[in-house]
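Each chain is listed here by its residues.
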Amino acid sequence: VTVNERSLQRLELYFTSSAPKKLPIVFSGKVTPKRDYVIVDTVLIPNYVLVFAPKSKLDTLQFIKTEAYDVGEVDQDKIADIQLATPVGVKCEPNLIKAKINVDMVSEQTFEVPIMAKNCPQDIVLKPFPSKAKVLCKGKISQLKTINEDSFSITVDYDSVKVGSNRCQVNVEL
């Protein structure tokens, strides 16, 4: 028996003998990264909850939300205890969860990558000018650490060059 609300005039009791239902938890809140930061993800621990309620009520529930939680601006990982927004007549176990907000710094890095020709006949030499191009990458620092000039391929396809034209399509691949 769970006492959900009480007053001097009234006492409400909800009783159920139905089996619990396992439902996912949905984060309800606002997390704003500071400048040059990005929210990588928000992990809820646990990410599901056991819900006890009359069967008619359980059948209408597909998830349980957290209480609205405004973290504000963040520039580092944060762990917070958050209450669940439990509907009237419903009991959740647990009713308090942890939210782990993972943050990463955003940066940019420039790479100078050689431009290579492809599909050239053997009797023709295609020399792109300039011979190198700058590639600007923006992303999480942890991702930028795994990238270098060799991660990119910049090509000019001879088959895409039109007769009498001094322009061609350049393809960049990661």
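All values reported here derive from a predicted model rather than from experimental measurement.

A.B. asks: Where do I start with the overall build of the protein chain in this structure?
C.D. replies: What the protein chain contains, in helices and strands, is 2 helices and 14 strands. Burial status across the protein chain gives 21% buried among its 174 residues. Restricting to contacts in the protein chain with at least 6 residues of sequence separation, those with at least 24 account for 63%. Surface accessibility of the protein chain: about 12400 Å² in total, with carbon and sulfur atoms responsible for 51%.

A.B. asks: Just checking my understanding: could you explain the pattern of salt bridges for this structure?
C.D. replies: For side chains of opposite charge, pairing can occur when their charged atoms come near one another. Under the defined criterion, the tally for this structure stands at 5 salt bridges. A salt bridge links Asp-81 to Lys-98; the nearest nitrogen and oxygen atoms lie 2.8 Å apart. Highlighted residues: Asp-81 in strand β9 (residues 78-83) and Lys-98 in strand β11 (residues 96-118), separated in sequence by 17 residues. For Asp-81, a relative accessible area of 47% gives the class partly exposed. Accessibility expressed as a relative area gives 39% for Lys-98, which makes it partly exposed. For Lys-138, the salt bridge is made with Glu-108, and the minimal N-O distance between the two is 3.9 Å. Of this pair, Lys-138 sits in strand β12 (residues 132-140) while Glu-108 sits in strand β11; the two residues are 30 residues apart in sequence, bridging distant segments of the chain. We classify Lys-138 as exposed; its relative accessible area is 64%. Residue Glu-108 is classed as partly exposed on the basis of its relative accessible area of 46%.

A.B. asks: What am I meant to see in unusual backbone geometry here?
C.D. replies: The general pattern is negative phi for most residues beyond glycine and trans for most peptide bonds. The linkage connecting Ile-45 with the following residue, Pro-46, adopts the cis geometry, with an omega of -5 degrees. The phi dihedral of Asp-36 falls on the positive side, at around 70 degrees, and the residue is not glycine. With respect to the helices, strands and loops of the structure, Asp-36 is situated in the loop between β4 (29-33) and β5 (37-45). Overall, Asp-36 belongs to the partly exposed group, its relative accessible area being 43%.

A.B. asks: Honestly, the environment of Asp-157 in this entry has me stumped. Any pointers?
C.D. replies: Here Asp-157 shows up in strand β13 (residues 153-157). Assessed through its relative accessible area of 16%, Asp-157 is described here as buried. Taking the C-alpha atoms as reference points, Asp-157 and Lys-118, 39 residues apart in sequence, are found 5.0 Å from one another. Within polar-contact distance, the side chain of Asp-157 engages the side chain of Asn-119 at 2.8 Å.

A.B. asks: In this structure, what is going on with the pairing of strand β3 (residues 21-26)? I would like to understand it.
C.D. replies: Both faces of the sheet carry side chains from a regular strand, because those side chains alternate between them. Where β3 and strand β6 (residues 48-52) come together, 4 bridges link them in antiparallel fashion. In the sheet register, Pro-24 faces β6, and the bridge partner there is Tyr-48. With 2 bridges connecting them, β3 and strand β7 (residues 64-65) associate as parallel partners. Considered in β7, the bridge of Ile-25 is made with Ile-64.

Conventions we followed
- Once a new chain begins, its residue numbering starts again from 1 and follows that chain's sequence as written.
- The predicted origin of the model limits local features to residues at a pLDDT of at least 70 and limits the giving and counting of side-chain atom pairs to 80 or more, whereas totals for whole chains, interfaces and linings rest on all residues.
- Think of the side-chain values as coming from all heavy atoms in the structure, minus any hydrogens and water.
- In this description a helix means any DSSP run of H or I spanning at least four residues, a strand means any run of E spanning at least two, and both kinds are numbered starting from the N terminus.
- The classification of residues rests on relative accessible area computed with a 1.4 Å probe and restricted to protein chains. Under 20% of the type maximum is buried, over 50% is exposed, and intermediate values are partly exposed.
- Note on contacts: a residue pair is in contact if any heavy atoms of the two residues lie within 4.5 Å.
- Here the Shrake-Rupley method, with its probe set to 1.4 Å, supplies the accessible areas, and only the displayed protein chains count as covering residues.
- Each reported salt bridge corresponds to a side-chain nitrogen of Lys or Arg within 4 Å of a carboxyl oxygen of Asp or Glu.
- Polar contacts here mean pairs of N or O atoms no more than 3.5 Å apart (in protein, one a potential hydrogen donor and the other a potential acceptor; neighbouring residues in sequence count only if both atoms are side-chain atoms).
- Two strands qualify as a pair provided DSSP detects at least 2 bridges between them.

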